[in-house]
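In case you want the letters, here they are:
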Amino acid sequence: GGGGWGRGLPAAPRPVTGPGAREHSSGVECRAAPARHACFLLLNPEGEVEELDNGRVRTKVFIDMYIMDKAYDSINDYYRNNLEFPGFRKGGNVPESMIMGQVGKEQYFLAVLEEIFKLTLEGAFAKLGDRVLADTETIETPTEEMVKALVTRTPFNYSVSADVLPEVKWKAPYGEMKIKVDTSSYSQPDDEKVEEIIGSFRKEQAQLNIAIGRNVQRGDMCVVEASCVRKDNGEAALGMPEGPFRYDTEVSLLPNFVENLEKLQVGGEAEFDVTIPQDWQDEAVRGLEVSFKVKVNEIFERKLPDLDDAFASQIIPGCGSMKECREFLLQNIQGGKEEAKQQALQNAVTESIAESIDIAIPESMVTNIGREEYGKRLMEIQQQGQLSPDMVQKLTSENLVQDYINKERGTFEMLAKASIGVAEIQKLENIAVSDEQLNDEVNTIQKELEQQGENPDADGIKQMIKERLESQMVFEWLEKHCEVEYV
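Residues numbered from 1 in each chain as written. Predicted model: local features only at pLDDT ≥ 70, side-chain atom pairs only at ≥ 80, totals over all residues. Heavy atoms only, no water.

Student: Mind laying out the pairing of strand β11 (residues 289-303), listing which residues take part and the relevant values?
Tutor: Bridge count between strand β7 (residues 207-210) and β11: four bridges; the pairing is antiparallel. Paired with Ile210 across the bridge in β11 is Phe300. Here strand β8 (residues 221-230) pairs with β11 via 10 bridges, running antiparallel. If you follow Ser227 over to β11, its bridge partner there is Lys293. Bridge analysis of strand β10 (residues 269-275) against β11 gives seven bridges, and the strand direction is antiparallel. In the sheet register, Ala270 faces β11, and the bridge partner there is Val294. (Pairing = 2+ DSSP bridges. Helix = DSSP H or I, 4+ residues; strand = E, 2+ residues; numbered from the N terminus.)

Put into structure tokens, the structure is as follows:
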């Protein structure tokens, strides 16, 4: 496997490639056989490529009577050979009007339009250039408009557009990057980490008892109602839930929030201001002054379980004592340190590449990475058995996905930049995976999936593994050639 290298970085952006991948010298070379009949029409004056403001390119395709007649003939032949018509043998010269009557007018003209696309679309996309991003091609002209032209046998244009991979500009040579690796994820002393894990599990297993006749204390679990607004414009902030919700005072990240709760008993209310810290997760609200109104409905104190042998078996099933439990956890932590170190290095390299590139990211890349990350998170929660199918359906609504993408946009733009940078370094340094290495890795993964009862898509797996191995090799190249500092 590839250690921790394969995680975190999206697949490198792929210009459209395949059997018809092309180099444009004449500007009219088509990228695939289905388009050969239409090559000539890319010479027409309306086939110029237009660069749009949003990082997309567009071209027009002119459909003349020659192409239209070819499409009609092809569709008529298909239906004559595949449908039964009274009084005609299969393949006979059935009138077009009879075909249209049996198939239905709408279906018939849509089939003709699809045939026109088969004849012309590959060539049209080829005209857009060799830096077109896969899966971003769009036919802009409304279907109704094109069908209307087909019904009246009138020549027409249709427009296609796609995102293009921007030209990469490096702020400084990538081989001279200074990479700072954050060691905090694996530098904590092992014994300390063990106690942290035990403390966290102990807290999860704690019994909650109603606290009577006292104020809130740090460490309590409270049920509160709260509202929060910005002081500058009075708009709602921080997405406070409507109605009562649980609040753990032990993990509060807001300064002075728990301190103000500690002045209250059950039924107590308070109003106070808070400044959002500069390390708050949502960058948009960092440093903001906000006003809270809070009411305490209930206070629960935790009764922690004893650190005895019975508790040890709760942490690690079958474990006989806390001593044995601590030894087991210690081994696990030590075993995972190398992976944590590799992951920290990958994160640092990813951020360094993104910071070193001056490039406008196509919106489609940000959206695709966001959707992929949202899907991963949803799958993780699903696998933990925390979501019903109905809830999964609700969480996949377009609005929620888009909200998530907008909230995490900075992260996804960084990942997109890094992905483009990795692909560029790979190309410039001629970094390639050997067939032997690729096939060995593919065979290993396929066997693992088959043992789990899955039927893997061989081509899809091969492409995914190839991209992961190439990224790994680029990271290794950068680690070797750049200055790496562990802080």
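There is more to say after this.
Student: Which residues make up the environment of Gln426, and what are the values?
Tutor: With respect to the element layout, Gln426 can be found in helix α13 (residues 409-428). Between the C-alpha atoms of Gln426 and Glu470, which are 44 residues apart in sequence, the distance is 7.4 Å. Ignoring any residue separated from it by four or fewer positions in sequence, one finds Gln426 in contact with Ile431, Glu470 and Val474. (Contact = heavy atoms within 4.5 Å.)

Student: So what's going on with the environment of Glu259? Residues and values would help.
Tutor: Looking at the element boundaries, Glu259 is found in helix α7 (residues 257-261). Here Asn256 takes part through its backbone nitrogen, which lies 3.3 Å from a polar atom of the side chain of Glu259. (Polar contact = N/O pair within 3.5 Å; in protein donor to acceptor, adjacent residues only side chain to side chain.)

Student: Hey, could you go over helix α1 (residues 65-82) for me, with residue numbers and the actual values?
Tutor: In this model α1 runs 26 Å from its N-terminal to its C-terminal C-alpha over 18 residues, within 8% of the 26 Å that 1.5 Å per residue would give. In this structure, the buried residues of α1 make contact with β2 (56-63), α2 (96-103), α3 (105-127), α4 (143-151) and β4 (156-163). (Expected span 1.5 Å × (residues − 1).)

Student: Can you tell me about the sheet that holds β4, naming the residues and giving the values?
Tutor: The four strands are arranged β1-β2-β4-β3 in an open sheet whose pairing can be described as antiparallel. Unpaired on one side and paired on the other, β1 (50-51) and β3 (138-139) mark the two borders of the sheet. Taken together, the two bridges between β1 and β2 define a ladder with antiparallel strand orientation. Across the sheet, residue Glu50 finds its bridge partner in β2, namely Arg58.

Student: Run through unusual backbone geometry, naming residues and quoting values.
Tutor: In this structure, Arg153 takes a positive phi of about 55° despite not being glycine. Mapped onto the secondary structure, Arg153 falls in the loop between α4 and β4. On the accessibility criterion, Arg153 (31% relative accessible area) is partly exposed. Its identity is not glycine, yet Asn256 carries a phi of approximately 70°, on the positive side. (Buried < 20%, exposed > 50% of the residue type's maximum accessible area, 1.4 Å probe, protein only.)

Student: Please give an account of the packing of helix α6 (residues 190-204) against helix α9 (residues 322-356) that cites residues and values.
Tutor: Two elements in contact, α6 and α9, have axes separated by 9 Å at closest approach and are oriented at 115°. Between α6 and α9 lies a crossing of right-handed hand. Here α6 contributes Asp190, Asp191, Lys193, Val194, Glu195, Ile197 and Ile198 to the contact with α9, which in turn contributes Met322, Arg326, Leu329, Leu330, Ile333, Gln334 and Lys337. Residue classes in the contact of α6 with α9 are distributed as seven nonpolar, one polar and six charged. (Axes fitted to C-alpha atoms, helices over the stretch in contact; angles between N-to-C directions. Left-handed = near helix turned anticlockwise from the far one by under 90°. Nonpolar A, V, L, I, M, F, W, Y, C, P; charged D, E, K, R; others polar.)

Student: Describe the side chain of Asp248, with residues and values.
Tutor: Here Asp248 is to be found in strand β9 (residues 245-248). At 3.0 Å, the side chain of Asp248 forms a polar contact with the backbone nitrogen of Glu250. A polar atom in the side chain of Asp248 sits 3.1 Å from the side chain of Arg302. If we ignore the near neighbours within four places in the chain, the residues touching Asp248 are Lys203, Asp220, Met221 and Arg302.

Student: Tell me about the packing of aromatic side chains, and name the residues and values.
Tutor: Scanning the entire structure with this criterion turns up 14 aromatic pairs. Centroid distance Tyr247 to Phe257: 5.0 Å. Interplanar angle 45°. Geometry classified as tilted. Taken together, the residues span a long stretch of sequence, with Tyr247 in strand β9 and Phe257 in helix α7 at a distance of 10 residues. This pair shows no difference in class: Tyr247 is buried, exactly as Phe257 is. Every member of this aromatic cluster is reached through a ring pair, and the members are Tyr72, Tyr78, Tyr79, Tyr108 and Phe109. Directly above the aromatic system of Tyr72 lies the positively charged group of Arg153, at a separation of 3.6 Å from the ring centroid. (Phe/Tyr/Trp six-rings, centres within 6.5 Å; stacked < 30°, edge-to-face > 60°. Lys NZ or Arg CZ within 6 Å of the ring centre and 35° of its normal.)

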